[in-house]
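# Reading the structure
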Amino acid sequence: MRRSVFTLTLIVAAMGLTACGKKEETPAAPAAAPVASAPPAAPSVLIGLAIPETNVERWVGDAEFMKKDLEGMGYKVDVAFADGDQSKQNKQIEDMVTKGAKVIVVGSVTEAAAQAVESAKKAGVPVVSYDRLITGTDAYDYYLTFDNFKVGQLQGQAIKDALALDTAKGKHITLFAGSPTDNNARFFFDGAMDVLKPFVTSGALKICGPAPTNSADASWSKITTEGWAADKAKARMETLLSGACKAVKLDAVLAPNDTLARAVIGALEQDGKYKTLPVITGQDGELLSAKWIMEGKQTMTVFKDTRVLAKGTAEAVDSIVKGVEPVLTVKARIDTTTYNTGKKVVKSFLLEPVAVTKDNLTKELVDSGFYTAEAVAKGTK
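For the structure given in this document, a descriptive report is provided here. Since the structure is predicted, the reported quantities are computational estimates derived from the model, not experimental observations. (Residues numbered from 1 in each chain as written. Predicted model: local features only at pLDDT ≥ 70, side-chain atom pairs only at ≥ 80, totals over all residues. Heavy atoms only, no water.)

## Some words on the nonpolar core
To keep it simple, the criterion reads: Nonpolar cores were defined as sets of buried Ala, Val, Leu, Ile, Met, Phe, Trp, Tyr and Cys residues, with membership established by side-chain atoms within 4.5 Å. For the exposure calls, accessible area comes from a 1.4 Å probe over protein chains only, and a residue counts as buried if that area is under 20% of its type's maximum, exposed if over 50%, partly exposed in between. Contact between two residues is taken to exist if any of their heavy atoms lie within 4.5 Å; hydrogens are not considered.
Counting 76 residues, the largest nonpolar core has I173, M237 and L268 as its most contacted members. Filtering out sequence-adjacent residues up to four positions away, M237 remains in contact with T174, F176, L250, V264, A267 and L268. L46, A80, A139 and V346 belong to the second largest nonpolar core, which has 24 residues in total.

## Concerning the sheet that holds strand 4 (residues 127–130)
Heads up, the rule is: Any two strands between which DSSP finds at least two bridges are classified as paired. Labels follow the DSSP assignment, with helices taken as runs of H or I lasting at least four residues and strands as runs of E lasting at least two, numbered in each case from the N terminus. Lines are fitted to the C-alpha atoms to define the axes, a helix being fitted only along its stretch in contact, and any angle between axes, read from their N-to-C directions, falls within 0 to 180 degrees.
One open sheet holds the seven strands; their spatial order is 2-1-3-4-5-12-11, and the pairing between them is mixed. Only two strands of the sheet have a single neighbouring strand rather than two, namely strand 2 (76–81) and strand 11 (333–335). When the angles between neighbouring strand axes are averaged without regard to direction, this sheet yields 20°. Relative to strand 2, strand 1 (residues 46–51) runs parallel, the two being bridged by six bridges. Bridged to L46 within strand 2 is K76. In the packing of helix 11 (residues 306–321) onto the sheet, contacts are made with strand 1, strand 3 (103–106), strand 4, strand 5 (142–146) and strand 12 (347–351), and the angle to strand 5 comes to roughly 170°.

## Some words on helix 4 (residues 86–99)
Formally: Expected span of a helix: the number of residues minus one, times 1.5 Å. Within this analysis, the arc is defined by the directions that extend from the helix axis to the C-beta atoms. For the purposes of these results, a polar contact is taken to be a pair of N or O atoms within 3.5 Å, where, inside protein, one atom must be able to donate a hydrogen and its partner to accept one; residues adjacent in sequence count only when each atom of the pair is a side-chain atom.
Under the 1.5 Å per step criterion, the end-to-end length of helix 4 is 20 Å for 14 residues, consistent within 8% with the ideal 20 Å. Looking at helix 4, one finds that the buried residues are Q86, Q89, N90, Q92, I93 and M96. For helix 4, the angular spread of the buried residues around the axis is 160°, confining them to a single face. In helix 4, the exposed residues that point more than 90 degrees away from the buried face are S87, T98 and K99. Structurally, helix 4 contributes buried residues whose contacts are with strand 1, strand 2, strand 3 and helix 5 (113–122). Between a side-chain oxygen at the N-terminus of helix 4 and the backbone nitrogen of S87 the separation is 3.0 Å; the capping residue is D85.

## Digging into the packing of aromatic side chains
To be explicit about the condition: In this analysis, rings of Phe, Tyr and Trp, with Trp reduced to its six-membered ring, are considered paired at centre separations within 6.5 Å, and the interplanar angle assigns stacked below 30 degrees, edge-to-face beyond 60, and tilted for intermediate values. Distance and angle both matter: a charge sits over a ring if NZ of Lys or CZ of Arg is within 6 Å of the ring centre and within 35 degrees of the ring normal.
Summed over all chains, the structure comprises seven aromatic pairs. Taken together, the ring pairs connect F65, F303, F370 and Y371 into an aromatic cluster. Over the face of the ring belonging to W59 we find R58, whose NZ or CZ atom lies 4.3 Å from the ring centre. Just above the ring of W292 sits the side chain of K297; from NZ or CZ to the centre is 3.8 Å.

## Things to note about unusual backbone geometry
Glycine aside, residues mostly have negative phi, and peptide bonds are mostly found in the trans state. At D83, a position not held by glycine, the phi torsion is positive, near 55°. With respect to the element layout, D83 can be found in the loop between strand 2 and helix 4. The partly exposed category is assigned to D83, whose relative accessible area is 48%. At A164, a residue that is not glycine, the phi angle is positive and equals roughly 50°. With respect to the helices, strands and loops of the structure, A164 is situated in the loop between helix 6 (148–162) and strand 6 (171–175).

## Details of the state of the cysteines
The condition that has to hold: Counting rule for disulfides: a pair of cysteine sulfur atoms within 2.5 Å.
All told, the structure shown has one disulfide when counted by the stated rule. Bridging C208 to C245, the disulfide has an S-S length of 1.8 Å. Between C208 and C245 the sulfur-sulfur dihedral comes to about -130°; the bridge is accordingly left-handed. Of the two residues, C208 sits in the loop between strand 7 (205–207) and helix 8 (230–242) while C245 sits in the loop between helix 8 and strand 8 (252–254), which places them 37 residues apart along the sequence.

## Section: the sheet that holds strand 6
Reading across from one edge, 7-6-8-9 is the order of the four strands in this open sheet, with parallel pairing throughout. Whereas interior strands pair on both sides, the edge strands pair on one side only; in this sheet they are strand 7 and strand 9 (279–280). Pairing geometry for strand 6 and strand 8, over three bridges, is parallel. Its bridge partner being in strand 8, T174 is matched across the sheet by V253.

## Things to note about the environment of K102
If you trace the backbone, K102 turns up in the loop between helix 4 and strand 3. Here K102 falls in the partly exposed class, since its relative accessible area comes to 49%. Residues K102 and A120, spaced 18 residues apart in sequence, show a C-alpha to C-alpha distance of 10.0 Å. K102 has contacts with V45, L46, V125 and P126, leaving out every residue within four places of it along the chain.

## Description of the pairing of strand 12
Most of strand 12 sits out of view: four of its five residues are buried. Bridge count between strand 11 and strand 12: three bridges; the pairing is antiparallel. Considered in strand 12, the bridge of I334 is made with F349.

Below is the structure:
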């Protein structure tokens, strides 16, 4: 169709038809434009999506959103879930290369994803790092995620505000962090402690249990949750309640995501001391946590609209296939200094997260179309 329109334009120009005094087009000038803006040859171009797990609700949605956006652009999409197994994911990435994928989007399980990324590069297949920075390699150029340090800052700010730490004294908190194999877990924790550390130093906030104040502290590993596993978080919370935190009543729990927040809540509800739950943070805007926020069980979550991240990633992939520098239509801050793989600093596109409480949950999660009001009320789709 575009070639037909362009041909007609040339014929009209040749006949000298310049209606309404418009400047006559020079035929040679725009010659390449229709080809440059054309979509890829659907459905012959394959894109691979290597997704780390289904254990955390959001990853299933991420895959669905990206697949839909890429298929809308005319691509064929191969989606594979690694079930939290990096060896399995590496094999899936190798299979995508063998199938002829032109670009592979990787949400890594661990840093050992670097092996498959380097193999893909040797085969001439570019990789885009999705939401989790792939460390230990210089074999890829682009990383798309949310501002993960800010995610932590929003969690810390929620605790600060809820406990009125500017004037309060002697409040008690315990700390949880995400999986030590997920580079983002450090950003979340460090962002939260960027807000909370001054109150720990002043004594307004007392930490029960291991007390790292940044992810570089040796004791940080003691608060991490391998694989973001809810059962491990619940077991650790139960141990704290019967041990290090037995003599105090907690005013807050820094929980890095909604899955772990709900696990912590489960342990607290089993403890007779907690008729009223402490302030509990979260992340991802998961449906059951949305219900619990409306019921007052969980204090807040950090909503990362993965529809927007998926769209931006699809746009980046489309640019890479066409051989041009990624330019996104979604709002993202470009960072060329922060995200270091250990081998190089990767150009990163950072989207904005949003703190969600009972006060703005309907606006952010329902009015935006992410969930229906009925689903929030039920806590399930």
